[in-house]
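Listed below are the residues making up each chain.
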Amino acid sequence: MFISCCSLSIPELNFTPSLINHNSQVLIHQNRSKFTALSNKVQSFGQRDAMQLGSSSKPRIRNCMIQSFEHVNTLPFSDYKFSRMKLFKPRYEKSSLFSGDSLKSSNFNGSTLRSEDLGCGESERNRDFALMAKTVMSVDNLVEIGGNEGMSRGADDYDAIVIGSGIGGLVAATQLAVKGARVLVLEKYVIPGGSSGYYERDGYTFDVGSSVMFGFSDKGNLNLITQALAAVGCEMEVIPDRTTVHFHLPNDLSVRVHREYSDFVAELTSKFPHEKEGVLAFYGECWKIFNALNSLELKSLEEPIYLFGQFFKRPLECLTLAYYLPQNAGNIARKYIKDPQLLSFIDAECFIVSTINALQTPMINASMVLCDRHFGGINYPVGGVGGIAKSLAKGLADKGSEILYKANVTKVILEQGKAVGVRLSDGREFYAKTIISNATRWDTFGKLLKGEQLPKEEENFQKLYVKAPSFLSIHMGVKAEVLPPDTDCHHFVLEDDWNRLEEPYGSIFLSIPTVLDSSLAPEGHHILHIFTICSIEDWEGLAQKDYDAKKELVADEIINRLENKLFPGLKQSIAFREIFSNNGRLGHQRHTGGI
């Protein structure tokens, strides 16, 4: 089975937990040994040698050589059989134990293994060795797993493999793990999170992506991050953001989107008193859609069978959503609002959500964001956005599943049209009953399944798709005194011309998370995270010297604009600066990397 989870989606599957406890280790004994794999307790043994699975090793004893293609972190037995490896190759001619042999019928050194069920008891084996397995996982430590190094496989090792540890991938993995599935998450970098990750420099902790966090409240059905954390027993301390965003727009239009809906409406209608009824009518329709969404247990908006089941529980709400499904926010706004500048403001509202104007933004998507910021509010996690992924990764490990870092998946392995495993860039292969991709659809279908026939729905999508912009991102540390005491956390800046809203470098999104959590920066300093859209075509074909010079020039222009509009003296206050982009050096891509 193959599932792409490019958006946040919680699978509804049930698994029976394995009988076999992973909490043991590989031991070599010289005189006497036992094999133990009990489901509820672990027996310890005196130990002469400790052997790491994952390499060919020769014990000190002269009777056998142990070859394994599994790591100590993985269970070498599955469904009472040895899985996809030749586990032992003793030196004695008559002694052999091969992959796929049943424990009840195999023999070792001429001794039948009797009828002991793995996971249900213990039995004395060949006097020269004992084998046990151990599962260990720490979010802060890299986990090395051997894979099968291209060897033939037997039973599947995992119930599911998830490609990528972005929030969507981690939610899918943890939801499966809490239902008893054994899950392996493969992450190409050294930390989890993807575009919701973090990095540290010179005492600063920077969010890789946005710091405006939706779905992090303690009420309703749309707080999916809170629900995902709770499923694995995690809870994060958050700081409420009093203002979702402060708009700085042409004609000196300044609008704060307050946490309280009534305060926001009061401020907006004070700027457009002649459009008060239109404002209330447009945002009223947004609330109608949001309330329908919030009444449903929406674990997925993409699974027809699941949605069909929800229809029978809440038919009116589902019919409401069906009515608005083909409609965009711009057309609905124009039903009630005539003022061009107010319509441009609604374009900006949608742009910070989807990087497109209101006429191109689905009404359901716009409504979810424009209302949830008031219903649940924007809440920033203490310690930074990267803590969400770290907490989910820890919860996943606590449920007995694993994350393998520095694991660059290059191919999804198919058998008779079915996804059965993955291959890494270093040649290792892993297999599972279900393969889930949290890579972008471009990487999933363009790289991991390169050369394979596209599903019909993907063909249709690619025909209609309009390429979204890339982002130039500037991370800065500045002296705290450059910011006024009442500075908001998030700002959107478009100074002079509404027509520049969607142009490269036309608008600027600014996040200052240290306004909420000062622990992210050294004392007396703030973090500024600056985004602006850019076009990959602007950077193609440049020599490295010209490329670097242009990068610095664009960053200087953006910073000058912020200095003129918001923070006089900004350039002189900079203590740290780095420039990144999600477009890569040449190719148009969707993950964060250095520009």
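In what follows, the accompanying structure is described. (Residues numbered from 1 in each chain as written. Predicted model: local features only at pLDDT ≥ 70, side-chain atom pairs only at ≥ 80, totals over all residues. Heavy atoms only, no water.)

What about the overall build of the protein chain?
Then comes step 1: Assigned secondary structure in the protein chain consists of 13 helices and 30 strands.
Then comes step 2: Scored against the burial criterion, the 595 residues of the protein chain give a buried share of 53%.
Then comes step 3: Contacts in the protein chain between residues far apart in sequence, at least 24 positions, make up 68% of those at least 6 positions apart.
Then comes step 4: Approximately 26900 Å² of the protein chain is accessible, and the part contributed by carbon and sulfur atoms is 50%. (Helix = DSSP H or I, 4+ residues; strand = E, 2+ residues; numbered from the N terminus. Buried < 20%, exposed > 50% of the residue type's maximum accessible area, 1.4 Å probe, protein only. Contact = heavy atoms within 4.5 Å. Areas by Shrake-Rupley, 256 points an atom, 1.4 Å probe, with all protein chains shown as cover.)

A word on the pattern of salt bridges
Then comes step 1: Using the criterion set out here, one finds 19 salt bridges in the structure.
Then comes step 2: As a salt-bridge pair, Asp488 and Arg242 come within 3.6 Å of each other at their nearest N and O atoms. Of the two residues, Asp488 sits in the loop between β25 (470-479) and β26 (490-493) while Arg242 sits in the loop between β17 (238-240) and β18 (243-249), which places them 246 residues apart along the sequence.
Then comes step 3: You can call Asp488 buried: its relative accessible area is 2%. (Salt bridge = Lys/Arg side-chain N within 4 Å of Asp/Glu carboxyl O.)

Quick look at the packing of aromatic side chains
Then comes step 1: Across all of its chains, the model carries 19 aromatic pairs by this definition.
Then comes step 2: Centre to centre, the rings of Tyr261 and Trp287 are 5.4 Å apart; their planes meet at 75°, and the pair counts as edge-to-face. On the criterion of sequence distance, the pair formed by Tyr261 in helix α3 (residues 261-271) and Trp287 in helix α4 (residues 276-295) is long-range, its members being 26 residues apart.
Then comes step 3: Residue classification places Trp287 among the buried residues on the basis of a relative accessible area of 19%.
Then comes step 4: Aromatic rings pair up to connect Tyr199, Tyr204, Phe206, Phe576 and Phe580 into one cluster.
Then comes step 5: Between the NZ or CZ atom of Arg441 and the centre of the ring of Phe461, over which it lies, the distance is 3.7 Å. (Phe/Tyr/Trp six-rings, centres within 6.5 Å; stacked < 30°, edge-to-face > 60°. Lys NZ or Arg CZ within 6 Å of the ring centre and 35° of its normal.)

Focus on helix α6 (residues 315-324)
Helical geometry note: an α-helix holds 3.6 residues per turn, so side chains three or four residues apart project in the same direction.
Then comes step 1: Taken together, the buried positions of α6 are Cys318, Thr320, Leu321 and Tyr324. For α6, the angular spread of the buried residues around the axis is 155°, confining them to a single face. Exposed and oriented more than 90 degrees from the buried face of α6 are Leu316 and Tyr323.
Then comes step 2: Tucked inside the fold, the buried residues of α6 contact α4, α5 (304-313), α7 (329-336) and α9 (363-375). (Arc of directions from axis to C-beta.)

Examining the nonpolar core
Then comes step 1: Phe247, Leu268, Phe282, Tyr283, Phe345 and Phe492 are the most contacted members of the largest nonpolar core, which has 50 residues in total.
Then comes step 2: Ranked by residue count, the leading element in this core is α4, at 9 residues.
Then comes step 3: Taken domain by domain, the makeup of this core includes at least three residues from each of domain 2 (260-376) and domain 3 (470-580).
Then comes step 4: Dropping the residues within four chain positions of it, Phe247 is found in contact with Leu253, Ser254, Val255, Val257, Phe345, Ala348, Glu349, Ile352 and Phe492.
Then comes step 5: Ranked by size, the runner-up nonpolar core spans 40 residues in total, among them Ile167, Val171, Cys489 and Leu516. (Core = buried A, V, L, I, M, F, W, Y, C linked by side-chain atoms within 4.5 Å. Domains from an automatic or database assignment.)

Some details on the packing of α3 against α4
The relative placement of two packed helices is expressed as an angle between their axes plus a distance between the axes.
Then comes step 1: Direction vectors running N to C along α3 and α4 enclose 145°, while the axes themselves pass 10 Å from each other. In the packing of α3 onto α4, the handedness of the crossing is right-handed. Here α3 contributes Tyr261, Phe264, Val265, Leu268 and Thr269 to the contact with α4, which in turn contributes Lys276, Val279, Leu280, Tyr283, Gly284 and Trp287. (Axes fitted to C-alpha atoms, helices over the stretch in contact; angles between N-to-C directions. Left-handed = near helix turned anticlockwise from the far one by under 90°.)

Observations concerning a nonpolar patch on the surface
Then comes step 1: Together, Phe308, Phe311, Phe312, Leu316 and Leu319 give the surface a local cluster of nonpolar side chains, amounting to about 580 Å² of exposed area.
Then comes step 2: Listing elements by their share of the nonpolar patch, those giving two or more residues are α5 and α6.
Then comes step 3: With 3 residues, the top contributor of residues to the nonpolar patch is α5.
Then comes step 4: Of note, Phe312 is situated in helix α5. (Patch = residues over 30% accessible without salt bridge, like charges linked within 9 Å, V, L, I, M, F, W, Y side chains within 5 Å.)

Some points on the side chain of Asp517
Then comes step 1: Counting through the fold element by element, Asp517 comes out in the loop between β27 (508-511) and β28 (525-534).
Then comes step 2: Notably, Asp517 is buried but unbridged: the nearest opposite-charge side chain belongs to Lys390, and the N-O separation is 12 Å.
Then comes step 3: Within the structure, the side chain of Asp517 is placed 2.7 Å from the backbone nitrogen of Gly383, a separation counted as a polar contact.
Then comes step 4: In this view, Asp517 contacts Ile239, Tyr380, Pro381, Val382, Gly383 and Gly384; residues no more than four positions away in its chain are not counted. (Lys, Arg positive; Asp, Glu negative; His and termini not counted. Polar contact = N/O pair within 3.5 Å; in protein donor to acceptor, adjacent residues only side chain to side chain.)

Describing the packing of helix α1 (residues 167-178) against helix α10 (residues 386-398)
Then comes step 1: The N-to-C vectors of α1 and α10 enclose an angle of 25°; their axes lie 9 Å apart at closest approach. If you check the angle between α1 and α10, you find them roughly parallel. With respect to the hand of their crossing, α1 and α10 are arranged in left-handed fashion. In contact with Ile167, Leu170, Val171, Ala173, Thr174 and Ala177 of α1, α10 contributes Ile388, Ala389, Leu392 and Leu396.
Then comes step 2: For the contact of α1 with α10, a count of residues per class yields 9 nonpolar, 1 polar and no charged. (Parallel < 35°, antiparallel > 145°, perpendicular 65-115°, else oblique. Nonpolar A, V, L, I, M, F, W, Y, C, P; charged D, E, K, R; others polar.)

Description of the pairing of strand β14 (residues 183-186)
Each regular strand shows side chains that alternate between the opposite faces of the sheet.
Then comes step 1: Burial along β14 is two-sided: Val183 and Val185 and Leu184 and Leu186, pointing in opposite directions, are all buried.
Then comes step 2: Summarising the sheet, strand β13 (residues 158-163) and β14 pair through 4 bridges and their orientation is parallel. Its bridge partner lying in β14, Val162 is registered against Val185.
Then comes step 3: The β-α-β motif built from β13, the intervening α1 and the parallel element β14 has right-handed crossover chirality.
Then comes step 4: Inspection of the sheet shows β14 paired to strand β21 (residues 402-404) by 3 bridges, in the parallel sense. (Pairing = 2+ DSSP bridges. Right-handed = clockwise from strand over helix to strand, strands pointing away.)

Things to note about the side chain of Ser391
Then comes step 1: Looking at where Ser391 falls in the secondary structure, it is placed in helix α10.
Then comes step 2: Among the polar contacts made by the side chain of Ser391, one reaches the main-chain carbonyl oxygen of Gly387 at a distance of 2.9 Å.
Then comes step 3: Among all residues touching Ser391, those that are not within four sequence positions of it are Leu229, Cys234 and Met236.

Some words on the pairing of β13
Then comes step 1: Within β13, 6 of the 6 residues are buried, leaving the element largely enclosed by the surrounding structure.
Then comes step 2: Alignment of β13 against strand β24 (residues 429-437), held across 5 bridges, turns out to be parallel. Within β24, the residue paired with Val162 across the bridge is Ile436.

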